[in-house]
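Listed below, chain by chain, are the residues.
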Amino acid sequence: MDEPRGEDLLQITDRRTGRSYDIPVVEGAVRATDLRQLRLDDDDPGLLVYDPAFLNTGSCRSAITYIDGERGILRYRGYPIEELAEHASFLEVAYLLLRGDLPSPDALGNWTRRITQHTFIHENVKRFIDGFHYDAHPMGTLVSTVAALSTFYPQAHLLSDAGLRREQVLRLIAKMPTLAAFAYRHAMGLPYVYPDDDLSYTGNFLNMMWKATELRYQPDPTLERALDVLFILHADHEQNCSTHTMRTVGSSHADPYSAMAAAAAALSGPLHGGANEQVLRMLNTIGSVDHVPEHIRRVKAGEFRLMGFGHRIYRNFDPRAQLIKRVADDVLAVTGPSPLLDIALELERIALQDEYFIEHRLYPNVDFYSGIIYSAMGFPVAMFPVLFALGRTPGWLAQWEEGLLDPEQHITRPRQVYVGPAERHLPVPTS
Ligand code: ACO
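It should be emphasised that the depicted structure is a prediction, and the values quoted were computed from it without experimental measurement.

Draft legend 1. The arrangement of the site of the ligand in detail. Neighbouring residues of the ligand: 18 residues in total, closest Arg305, Leu306, Gly308, Phe309 and His360. In this structure, a nitrogen atom belonging to the ligand sits 2.9 Å away from a main-chain N or O atom of Phe309. The separation between an oxygen atom of the ligand and a polar side-chain atom of Asn365 is 2.9 Å. Burial of the ligand by the protein amounts to 66% of the accessible area it has alone, namely 930 Å². Residues of the shell around the ligand, tallied by class, amount to eight nonpolar, six polar and four charged.

Have a look at this one:
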């Protein structure tokens, strides 16, 4: 790291002691450990940074995803999300996230071939899925089966071997669609459909989801491409809750299957991967375009939030939402019109010109339209977080490996501000 120049120093005067400190500012950040020198006396362990939920803490240096929330910018390895959604496939984006550059045509062929070789799961995993209750939530099944994979690949814990790491990465990307589709078919009581290696990554996933009695399933190319684009839009989003979980579990040198199961578990929460489900419920509750103004009135009265609006990082627009809106048009041209989309468009139209939403800088986020698309394609609401997990897999793995290889990283271990009782003692027993 470059030495900070004179002007890249933050001068702090500790008014408790009257002492001044020059703290280096590098890449727009100060090191929290540099603040430890601000001490009251020799017994003082030093100043602690208190940051619940990490609202202003950089936990790593990363070269994978760049977000500028004010300007609505999202880039993977420098490439704007708009260009990737227009011109790349999900497997190319996965390669980009993991390897740092887009693949050459030869490299893409090889990458696709190797992933395709790994799409089958061990028959025991299938039997393991059979053991889940008939109405098991597919996200619970997915989390458990991803974790179970570690027992099939005992070499996965040999993290210093780059070849073995890559092997697990390929397996996870390849097997996620199979696990996801099997989790769904188990919940529906349907027979499992084995992978068809002649189809694309996303086409094969659709095959494993929807194949019925036909000899060969042929995905609709528009729906296949639409889902591929949705996976691209979800592939990474820097240090969100599940990615942070992936890095944290990975920092203890747990194997990648265990780390990814933990990441998927984090994603399953309604505050993270479950928002599009809430959007769909909201649109169904509104019921018709006529009821939209009343719904907006109640949102403004503070009765509830407009689901699919607002984002912690994006303050002017979510670039993914704009792309997804176009995908929705393509999908509905195939599946037929959706009254839910009409309600969503009317909500968006009214909200975007309303003082409350303008003042609070509330715009549609990625989840506002994704649920409508998934639903039009036939996915039940319970599968929404599973689809999110499938798309996020390469991002999780790229971030996991970056964390492992970063010499500055150690096992994640935050500190705390202790607010419990001071030392006290058990009562002395009286005889
Ligand atoms: N509808 C109405 N008002 C809202 C909304 C909303 N969707 N979102 C925020 N506000 C208001 C809050 O009431 C608050 O108003 P106040 O200052 O007058 O009290 C103000 O905007 C700030 O709200 P915060 O909760 O502090 O904003 P934060 O940045 O922490 O929240 C979040 C972001 C959680 C996404 C929020 O906007 C929200 O709850 N949205 C609806 C749920 C949703 O769509 N989540 C998906 C996010 S995208 C993803 O996770 C992939």
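Now that the structure has been shown, the text picks up again.
Draft legend 2. Fine view of the pattern of salt bridges. Taken as a whole, this structure holds 19 salt bridges when the rule is applied. Connected through salt bridges with shared partners, the residues Asp196, Asp198 and Arg216 form a single ionic network.

Draft legend 3. Local environment of unusual backbone geometry. Look at Ala53: it is not a glycine, yet its phi comes out positive at around 65°. Structurally, Ala53 is set in the loop between strand 2 (19–24) and strand 3 (65–68). Overall, Ala53 belongs to the exposed group, its relative accessible area being 65%. Its identity is not glycine, yet His253 carries a phi of approximately 65°, on the positive side. Turning to its location among the elements, His253 is positioned in the loop between helix 9 (241–251) and helix 10 (256–267).

Draft legend 4. Broad picture of a nonpolar patch on the surface. Taken together, Leu48, Tyr50, Val417 and Val419 make up a surface patch of nonpolar side chains, about 440 Å² in accessible area. Mapped onto the fold, Val419 is located in the segment after helix 17 (384–405).

Draft legend 5. The side chain of Ser370, seen in detail. Note that Ser370 resides in helix 16 (residues 367–376). Within polar-contact distance, the side chain of Ser370 engages the side chain of Asn276 at 3.3 Å.

Draft legend 6. A look at the nonpolar core. Of all hydrophobic cores here, the largest spans 109 residues; its most connected members are Tyr76, Ile173, Phe205 and Phe379. Per element, the largest residue contribution to this core is 11 residues, and it comes from helix 6 (residues 162–188). Both domains that meet at this core, namely domain 2 (89–266) and domain 3 (275–377), each give it at least three residues. Apart from residues no more than four positions distant in its own chain, Ile173 is found in contact with Leu91, Ala94, Leu98, Trp111, Ile115, Tyr201, Thr393, Pro394 and Leu397. Counting five residues, the second-largest nonpolar core is a separate cluster that includes Tyr21, Ile23, Leu35 and Leu38.

The rules behind these values
Residues numbered from 1 in each chain as written. Predicted model: local features only at pLDDT ≥ 70, side-chain atom pairs only at ≥ 80, totals over all residues. Heavy atoms only, no water. Near = heavy atom within 4 Å. Polar contact = N/O pair within 3.5 Å; in protein donor to acceptor, adjacent residues only side chain to side chain. Areas by Shrake-Rupley, 256 points an atom, 1.4 Å probe, with all protein chains shown as cover. Nonpolar A, V, L, I, M, F, W, Y, C, P; charged D, E, K, R; others polar. Salt bridge = Lys/Arg side-chain N within 4 Å of Asp/Glu carboxyl O. Helix = DSSP H or I, 4+ residues; strand = E, 2+ residues; numbered from the N terminus. Buried < 20%, exposed > 50% of the residue type's maximum accessible area, 1.4 Å probe, protein only. Patch = residues over 30% accessible without salt bridge, like charges linked within 9 Å, V, L, I, M, F, W, Y side chains within 5 Å. Core = buried A, V, L, I, M, F, W, Y, C linked by side-chain atoms within 4.5 Å. Domains from an automatic or database assignment. Contact = heavy atoms within 4.5 Å.

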